[in-house]
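Tertiary structure, described
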Amino acid sequence: KSRETADPAADSSPKLAAAEHQDEAASKKNLCVKAAKEHNIPEDLNKVLENKVMETVLDLSYVKLSVVETTCLGEADSEGIVSKSVSSHSDLIPGVYEGGLKIWECTFDLMDYFSEAEIEFTNKTVLDLGCGAGLLGIVALRGEAARVHFQDYNSTVIDEITLPNVVANCTTEGSRTGRGKARKASKPPSKRLRKAEGSPDVLNRCRFFSGEWSQVSQLLLNSNEPCSKYDIILTSETIYNPDYYSALHDTLAQLLDSDGRVYLASKVHYFGVGGGIHLFEKFVEEKNVFRTSLVKTIDQGLQRCIMEIAFK
């Protein structure tokens, strides 16, 4: 059941675009290395929010997906992922579209954990890996992180979902200070167009990237302005496919600071896709680079976990 709206109580599991895609993906997985790209923040922020309708959840603004599906055509979706996802009724098309248009429930689990564990983002460098809507990185920005970088496999997701969400939450009207604790909104979701007023300083702390993890890592590490390692890496629902474990592990090893922490949210098992928290835990253990600990288990609906990862 895929999530049309960001309902924290909804149960959502990825759906593959038919079984034939799995066989095709298996034979082509070594060829599906999507080049990395950095996305610039436009000077005219109102252009970013043009034709977007915003809703709110947990006091955060996010782009209404059904409107994006209607308006995101032609050059705005050069990858064609919106039409492919809609036409195939699929949340995942391996090597083509990796689910970033939707907000998955483990995102809310991780935001809740930030509050419960009093995770401190102040002056930290943060990477929202497989960011999708970017809500985790936005919470870090609200928590006064020094820098927040957002990465998603699909460039359309960055341009049409992530960047508008960050702008909407960082405009004069929408920005807030504080530690970014996740709490349920007391008001019902609002549906409105939003205008961006000015260019808030907070956007100067953001960078946006699309592409496959290994390619993004190389872009960051080999650029003329090399990126410092990240104090905190946040990632949610990114271990559904065991084929991606090696690339994810290598990316974490390359980009995490020696004293840094990864906070990963996942379902215990992804039915029909094959991955899950215990399979990934075993993979990491065999690599013998990181230590892992399951810091929270959620039994409501499909069982889910929060994992903390750090270097040994």
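Refer to the structure presented above.
In this report, the structure presented in the accompanying data block is examined. (Residues numbered from 1 in each chain as written. Predicted model: local features only at pLDDT ≥ 70, side-chain atom pairs only at ≥ 80, totals over all residues. Heavy atoms only, no water.)

Notes on the pairing of strand β3 (residues 60-63)
Of the two faces of β3, the one carrying L60 and Y62 and the one carrying S61 and V63 are both buried. What sits between the antiparallel neighbours strand β2 (residues 54-57) and β3 is a turn of two residues, in which L58 has the positive phi angle 50 degrees. (Buried < 20%, exposed > 50% of the residue type's maximum accessible area, 1.4 Å probe, protein only. Helix = DSSP H or I, 4+ residues; strand = E, 2+ residues; numbered from the N terminus. Pairing = 2+ DSSP bridges.)

Digging into the state of the cysteines
Overall, the coordinates contain zero disulfides when judged by the stated rule. No disulfide involves C170; its sulfur sits 5.7 Å from that of C206, the nearest cysteine. (Disulfide = S-S within 2.5 Å.)

Observations regarding the side chain of N169
Looking at the element boundaries, N169 is found in helix α7 (residues 155-170). Side-chain polar atoms of N169 contact the backbone oxygen of S61, separated by 2.9 Å. (Polar contact = N/O pair within 3.5 Å; in protein donor to acceptor, adjacent residues only side chain to side chain.)

A word on the packing of helix α9 (residues 245-255) against helix α10 (residues 277-287)
At a minimum axis distance of 11 Å, the contact between α9 and α10 shows a crossing angle of 55 degrees. Relative to α10, the element α9 lies oblique. Here the hand of the crossing between α9 and α10 comes out right-handed. Side by side, α9 and α10 meet where Y245, S246, L248 and H249 of the first sit next to L279, F280, F283, V284 and K287 of the second. (Axes fitted to C-alpha atoms, helices over the stretch in contact; angles between N-to-C directions. Parallel < 35°, antiparallel > 145°, perpendicular 65-115°, else oblique. Left-handed = near helix turned anticlockwise from the far one by under 90°. Contact = heavy atoms within 4.5 Å.)

Observations regarding the packing of aromatic side chains
One pass over the structure, following the stated rule, counts eight aromatic pairs. Taken together, a centroid distance of 5.1 Å and an interplanar angle of 10 degrees make the contact between F150 and F208 stacked. Placement of F150 in strand β5 (residues 147-152) and of F208 in strand β6 (residues 206-210) is noted, with a sequence separation of 58 residues between them. The exposure classification of F150 matches that of F208, with both residues buried. Each ring, one from Y245 and one from F283, has its centre 5.8 Å from the other, and the planes form 70 degrees; the classification is edge-to-face. Note that Y245 is positioned in helix α9 and F283 in helix α10, a separation of 38 residues in sequence. One aromatic cluster in this structure is built from Y240, Y244 and Y270. (Phe/Tyr/Trp six-rings, centres within 6.5 Å; stacked < 30°, edge-to-face > 60°.)

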